[in-house]
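Residues per chain, in single letters:
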Amino acid sequence: MKHDPALNPSALRQRASAHRAMALSALRADSSLSVRLRRYNEHMAKACALEAQEVA
């Protein structure tokens, strides 16, 4: 995965928000509980990483 160091804080916030929305969507998906939880955790981890980039 490539990381674009030129992303401004607003773009990072938007991407983090999108990953949070995808995480919530993953919980409502028609999949097994383990798959839903894994997808939720993956998206939330990406959102947290993006927020950490914004702060740094």
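## Details of the side chain of H43
Logical step 1: Counting through the fold element by element, H43 comes out in helix α2 (residues 33–55).
Logical step 2: Within the local environment of H43, its side chain forms a polar contact with the side chain of H19, the two groups lying 3.1 Å apart.

## A few points about the side chain of H19
Logical step 1: Topologically, H19 is positioned in helix α1 (residues 9–27).
Logical step 2: Judged by relative accessible area, H19 falls into the buried class, the value being 12%.
Logical step 3: Ignoring any residue separated from it by four or fewer positions in sequence, one finds H19 in contact with H43, K46, A47 and L50.

## Points about the pattern of salt bridges
Logical step 1: Counted under the stated rule, the structure contains three salt bridges.
Logical step 2: E54 is paired through a salt bridge with R13; the nearest N and O atoms lie 2.9 Å apart. Taken together, the positions of E54 in helix α2 and R13 in helix α1 put the pair 41 residues apart, joining distant regions of the chain.
Logical step 3: On the basis of relative accessibility, which here comes to 25%, the residue E54 falls in the partly exposed class.
Logical step 4: Its relative accessible area of 44% is what places R13 among the partly exposed residues.
Logical step 5: Of the charged contacts in the structure, one is a salt bridge between E51 and R20, with a shortest N-O distance of 2.7 Å. Here E51, found in helix α2, pairs with R20, found in helix α1; they are 31 residues apart in sequence, far enough to count as distant.
Logical step 6: By relative accessible area, which is 30% here, E51 ends up partly exposed.

Calculation criteria
- Residues numbered from 1 in each chain as written.
- Predicted model: local features only at pLDDT ≥ 70, side-chain atom pairs only at ≥ 80, totals over all residues.
- Heavy atoms only, no water.
- Helix = DSSP H or I, 4+ residues; strand = E, 2+ residues; numbered from the N terminus.
- Polar contact = N/O pair within 3.5 Å; in protein donor to acceptor, adjacent residues only side chain to side chain.
- Buried < 20%, exposed > 50% of the residue type's maximum accessible area, 1.4 Å probe, protein only.
- Contact = heavy atoms within 4.5 Å.
- Salt bridge = Lys/Arg side-chain N within 4 Å of Asp/Glu carboxyl O.

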